[in-house]
Amino acid sequence: MFADLPLRLPPTVFHPLFGLSLLGVLLFVGGCAESDLSSEGEAPPAAAVPEDASSRASSDVLIALREETTASGLTFVHERGLAGEALLPETMGGGVAFVDLDGRRGADLLFVDSARWPWDARPPSGGTPRFYANRGDGTFDDRTVATGLADLIPTGSFYGMGPAVGDVDADGDLDVFLTGVGGHRLLENRLAETGRWHDATPGSGLGAGEGWSTGAAFADLDGDGWLDLIVCRYVEWSRALDLEIDFDPRSGRRSYSPPFSFTGAFLALYRNLGDGTFRDVSAEAGLEIVDLRGAPAAKALAVLPIDTDDDGDLDLMVANDTTPNFLLRNDGRGRFEEVGVEVGVAYAPGGTDTGAMGMDAMRTPARGSRAGPLHVAIGNFQDEALSFLVARGAEGVFDDVALRVGLVLPTTPTLTFGLLLSDLDLDGDAELLLANGHIEDDIAELDPGQTFAQPAQLFRPTAPSDRRMAAGSTVYAEVPAADLGAFAIPRVSRGLAAADADLDGDLDLVMTTLGGPPAYFVNDQPTGHHWLRLRLRGPAPNLDAIGARVTVVADGRAHARTVMPARSYLSALELPLVFGLGKATAIERLEVLWPDGARRVIEGDEAAEITLDRAYVLSPDDLVPVAAASGAASGEKVSGARERLGDG
């Protein structure tokens, strides 16, 4: 465990910790602001916004996030393993799955823990993931010991990073893959049969997982229906290599080593063979991408499977830390071409790499039967603005419009890890949420303008006040911290996930903290807006229809969502899709593009029978309502599989 890796020559690249100042960013913004209002006489890509958005002031946002961590029964505290050596993994961990894992009463919580290092003379601490089962009302029971996790991953045995979830054996239960430093784990979900987890790593073909893995995702990437596994590997790291980098030119003492001090690592793709085993196909799939020196080009922290070019298969967007981001375009058979530079996702607008962390994507609402363009948000290091990419047309080319939509200045000072595009107030337009926190405990001494703990941020889409911008354009207004209550308390945040934990129709939040307790927020938004919750049930073996896209049309606006739990940073989100529909009282059309390419359209009288403010299970041949949302725990059977409102 934690074996030393061979020393490789470090790449010579810029890292934001030692570079780009806020003044430089302001100068760049000033030089570009006028030209970014339009491009060659055409209106810039823009999201659709509600017609009354311009009338709302930022302080009027109807979002009420009530912090209920302790009251809900959550006692987990993340262990980062500090022992005075300032080892880079100590800055990165703290993932979470906010997903219904036991199939009983709504989204559960699985916190991935790091640990004290094996060479630490103190007693072991951390390492065991903590599993909290939802009681059905948004409060939780600690079931870590009862479900066998403490036996499978004993205290101090695993330096964890984050989770990926997916039903890899098509038995109707969500299995969990855990990334980490020096190893990874595949946990088979046997909670319905035996009440316990099973370590399926041995014999799975996934190997021991030497090295440092970070973000991961399950998705059918080759079109055979079985969920494959894509794993981000950060850098070639070992304690010995880290300790060789023993300086900080600013403080004169050892500090956390920046990523450019380490060689990158290849992404790993494991093909699901359908018999409970996987095969490493990374090389043949085109994922072993090298830089100009022939070294691995990736330093990946997050991967997002998403169809960027509307050809029906899932591409891979990869957030790399201090190296260019990737867009790996799928040929439909699970082979990929890296086109990040060509399509505009590799670099910041100034042509530099970014310290990219987490990411999320969503198509914006639009008038008509088709949703608007794909938007991708990527959290970056301090002194780097958020990357906010908008697809241009159907060719899968992106423009970074962060400056244009008002996100550069408020996001440049912060260091963003987790982030989400989620519709918290159910008006149909997604808010942007950022989980922030630095990596250096003493950053305030080195840089008086920075802090270790940083407030989370929430932005909502509004209409622009600048008349030169195109009609229908969007800008994002930051909701004042005073209006966010405990959500804006400074924390050293990492993971960020959303799910309807209390089954009342809106999305609740959990945010993990490096070396501290998580923060759990119940969403008490008082808008009275209507909503529709859909739990997809696809044909075997992709029973959860991961990768399916659903479009709902209400009041003439098309809203699209994709079933994809792998979002944010080191996080997994529930699988049911929540559509905020604002003041709409009915839907006009519902369309599903299933992962196998089949389509189902519900419209006319059939659509009129769908009741809003309810949850449904949607299969290729049926649409079945489940128990009433508030406080419900359902065990209805649909197409022979266990179905429940809160299943994520």
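So, how was this worked out
Residues numbered from 1 in each chain as written. Predicted model: local features only at pLDDT ≥ 70, side-chain atom pairs only at ≥ 80, totals over all residues. Heavy atoms only, no water. Helix = DSSP H or I, 4+ residues; strand = E, 2+ residues; numbered from the N terminus. Buried < 20%, exposed > 50% of the residue type's maximum accessible area, 1.4 Å probe, protein only. Pairing = 2+ DSSP bridges. Axes fitted to C-alpha atoms, helices over the stretch in contact; angles between N-to-C directions. pLDDT = per-residue confidence, 0-100. Contact = heavy atoms within 4.5 Å. Phe/Tyr/Trp six-rings, centres within 6.5 Å; stacked < 30°, edge-to-face > 60°. Salt bridge = Lys/Arg side-chain N within 4 Å of Asp/Glu carboxyl O. Core = buried A, V, L, I, M, F, W, Y, C linked by side-chain atoms within 4.5 Å.

Student: Explain unusual backbone geometry to me, please; I cannot follow it from the model alone.
Tutor: For residues other than glycine, phi is negative in most cases, and the peptide bonds are mostly trans. The step from alanine 540 to proline 541 runs through a cis peptide bond, and the omega angle for that step is 5 degrees. Position of proline 541 relative to the elements: it lies in the loop between β30 (530–536) and β31 (549–554). For alanine 86, which is not glycine, the phi torsion reads 55 degrees and is therefore positive. Turning to its location among the elements, alanine 86 is positioned in the loop between β1 (65–67) and β2 (96–99). A residue is classified by how much of its surface remains accessible, and alanine 86, at 13% relative accessible area, is buried. You will see that leucine 426, though not glycine, has its phi angle at about 60 degrees, which is positive. Looking at the secondary structure, you find leucine 426 in the loop between β23 (416–422) and β24 (431–436).

Student: Sorry if this is basic, but what is going on with the sheet that holds strand β17 (residues 336–338) here?
Tutor: Strands in a sheet are paired, the pairing made by backbone hydrogen bonds, and the direction either parallel or antiparallel. One open sheet holds the four strands; their spatial order is β14-β15-β16-β17, and the pairing between them is antiparallel. With partners counted over all chains shown, the strands left at the sheet margins are β14 (300–306) and β17, one partner each. Strand after strand, the sheet turns through a mean of 20 degrees between neighbouring axes, direction not considered. Of the pairings in the sheet, the one linking strand β15 (residues 315–320) to strand β16 (residues 326–330) comprises three bridges and is antiparallel in character.

Student: What exactly am I supposed to notice about the sheet that holds strand β19 (residues 366–367) here?
Tutor: Taken together, the five strands give an open sheet; going across it, the order is β19-β32-β31-β36-β37, and neighbouring strands pair in antiparallel fashion. This sheet does not close on itself; its edge strands, each paired only once, are β19 and β37 (599–603). Looking at chain direction, β31 and strand β32 (residues 557–562) are connected through six bridges and run antiparallel. By the bridge assignment for β32, alanine 554 is matched with arginine 557.

Student: Is there a simple way to explain the confidence of the model for the protein in this structure?
Tutor: Note: predicted coordinates in regions of low pLDDT should not be interpreted at a detailed level. In the predicted model, the protein carries a mean pLDDT of 87, and the fraction of residues at 70 or more is 85%. This model gives residues 1–59 a pLDDT under 50, and the stretch forms 136 contacts once residues within four places in sequence are excluded. A low-confidence stretch, residues 628–648 stays under pLDDT 50, and its non-local contacts, those more than four residues away or across chains, total 70 contacts.

Student: Help me understand the pairing of strand β27 (residues 493–499), please; the structure alone is not making it clear to me.
Tutor: The side chains of a regular strand alternate, first on one face of the sheet and then on the other. β27 sits mainly inside the fold: seven of its seven residues count as buried. Relative to strand β28 (residues 508–513), β27 is paired through five bridges, and the arrangement is antiparallel. Its bridge partner being in β28, alanine 499 is matched across the sheet by aspartate 508.

Student: Just to check I follow, could you spell out the packing of aromatic side chains for this structure?
Tutor: The description of two aromatic rings rests on the distance between their centres and on the angle between their planes. Under the criterion given, the structure shown has 13 aromatic pairs. Taking the centre distance of 5.9 Å and the plane angle of 80 degrees together, the rings of phenylalanine 111 and tyrosine 132 count as edge-to-face. Here the residue phenylalanine 111 occupies a position in strand β3 (residues 108–111), and tyrosine 132 occupies one in strand β4 (residues 130–134), the gap between them amounting to 21 residues. An aromatic cluster of three or more residues is present, and its members are Trp117, Trp119, Tyr159, Trp212, Tyr234 and Trp237.

Student: Just to check I follow, could you spell out the pattern of salt bridges for this structure?
Tutor: It is possible for side chains of opposite charge to pair when their charged atoms get near one another. In the structure shown here, the tally under the stated rule is 28 salt bridges. In this structure, arginine 190 and glutamate 188 form a salt bridge, with 3.3 Å as the shortest nitrogen-oxygen distance. Residue arginine 190 is classed as partly exposed on the basis of its relative accessible area, which comes to 31%. The exposure class assigned to glutamate 188 is buried, which follows from its relative accessible area of 18%. Across the salt bridge formed by aspartate 399 and arginine 392, the nearest N and O atoms sit 3.0 Å from each other. Using a relative accessible area of 37% as the deciding quantity, one classes arginine 392 as partly exposed. Several salt bridges converge on common partners, so that one network encompasses Asp307, Asp310, Arg363 and Arg549.

Student: Whenever I open this one, the nonpolar core confuses me. Can you help?
Tutor: A general feature of soluble globular proteins is that nonpolar side chains tend to end up buried together. Core analysis: the biggest nonpolar cluster contains 99 residues, and Leu267, Leu534, Leu536, Ile587 and Leu590 have the highest contact counts within it. Per-element tally for this core: the top contributor is β14, with five residues. In contact with leucine 590, not counting residues within four places along its chain, are Leu532, Leu534, Val550, Thr551, Val552, Arg600, Val601, Ile602, Ile610 and Leu618.

Student: Can you walk me through the pairing of β3 in this structure?
Tutor: Burial along β3 is two-sided: the residues Asp108 and Leu110 and Leu109 and Phe111 are all buried. Inspection of the sheet shows β2 paired to β3 by four bridges, in the antiparallel sense. Bridge pairing in β3 links valine 96 to phenylalanine 111. For β3 and β4, the ladder comprises three bridges, and the chain directions are antiparallel. Within β4, the residue paired with leucine 110 across the bridge is phenylalanine 131.

Student: Which parts of the structure should I look at to understand the environment of glycine 156?
Tutor: Within the secondary structure layout, glycine 156 lies in the loop between α2 (149–152) and β6 (159–166). Assessed through its relative accessible area of 16%, glycine 156 is described here as buried. Spatially, the C-alpha atoms of glycine 156 and aspartate 113 are 9.6 Å apart, while their sequence positions differ by 43 residues.

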